[in-house]
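Take a look at the letters that make up each chain.
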Amino acid sequence: MTDERAPGLVLHSPGGTRFHFDPGALCLELLPTGGPGPYARYEVLHRPADLAGWAGESRLGLPPGAVRITAGQLTAVRTLRDALWRLAAARAAHGAATGDAGDPADYAVLNRAAARPPLAPQIAPDGTAAPPLPGDGDQLASTVARDAIALFTGPWADRVRECGADNCRLLFVDTSRPGRRRWCSMERCGNRHKVRALRARREQHEE
Ligand SMILES: [Zn+2]
């Protein structure tokens, strides 16, 4: 389950537990790096090197040093991330069909980023996806923004969800066939729920 090569990120809970979290899409992998308002205290993208590190850990798998990022580009990526946070959270809360799918200003941020050239995707001789060609921070932002547009306009647009645990705000897209994914991660919130449910059953039994 903790296959390091599986898509997704290795995150640390406030208690220090490591867990694997695959939000199901590249654009959603950017969200746990910080965010708007109360999420600003989780900020990890302080320097350009932090963003390059994220690009390596994300499903892009960019090798170290493959992306040149200026301070201005880092700021633009953080602005894009905060817009994505609000847009994805609006989808999770209201669904795509209600028309209440986010603020036009956030869509403008997304479209501006997507208008630039993206990182050039590459394919390996065995037919699998290879890391994209090296590029800069604007290209990285464009790749993430285009991924978000594909997600929000694609077949999984109404499958963007928030983790079912009360104290967990992680957002993911449920691409499973049955569409019953509830947790950010079985290792973390899924297990905590199982343990609580088991304890509740036992207590009922003992009463
Ligand atoms: Zn969770």
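Note: the structure precedes this text.
Residues numbered from 1 in each chain as written. Predicted model: local features only at pLDDT ≥ 70, side-chain atom pairs only at ≥ 80, totals over all residues. Heavy atoms only, no water.

Around the zinc ion, the protein contributes the donor atoms Cys163 (SG), Cys168 (SG), Cys184 (SG) and Cys189 (SG), at 2.3 to 2.4 Å from the metal centre. Geometry at the zinc ion is tetrahedral, judged from its four donor atoms and the angles of 104 to 116° they form at the metal. All donors to the zinc ion come from one chain, and their sequence spacing reads C-x4-C-x15-C-x4-C. Remark: Cys189 occurs in helix 6 (residues 186–206) and Cys163 occurs in the loop between strand 7 (160–162) and strand 8 (171–173); sequence separation between them is 26 residues. (Donors = N, O, S within 2.8 Å, 3.2 Å for Na, K, Ca; no water. Tetrahedral: all angles 85-135°; square planar, octahedral: opposite > 155°, others 65-115°. Helix = DSSP H or I, 4+ residues; strand = E, 2+ residues; numbered from the N terminus.)

Now for the pattern of salt bridges. Following the criterion strictly, the structure yields 10 salt bridges and no others. Asp106 serves as the salt-bridge partner of Arg86, at 2.9 Å between the closest nitrogen and oxygen. A residue pair is termed long-range when its members are at least 10 positions apart, and Arg86 in helix 3 (residues 71–94) and Asp106 in helix 4 (residues 104–114) qualify at 20 residues. Taking relative accessible area as the criterion, Asp106 reaches 6% and is therefore assigned buried. Arg161 is the salt-bridge partner of Asp174, the closest N and O atoms lying 2.7 Å from each other. With a gap of 13 residues between them, Asp174 in the loop between strand 8 and helix 6 and Arg161 in strand 7 connect regions that are remote in the sequence. The class of Arg161 is partly exposed, set by a relative accessible area of 25%. Each member of the salt-bridge network shares a partner with another, and the members are Asp22, Glu29 and Arg59. (Salt bridge = Lys/Arg side-chain N within 4 Å of Asp/Glu carboxyl O. Buried < 20%, exposed > 50% of the residue type's maximum accessible area, 1.4 Å probe, protein only.)

Don't take any of this as a statement about function, it's just geometry.
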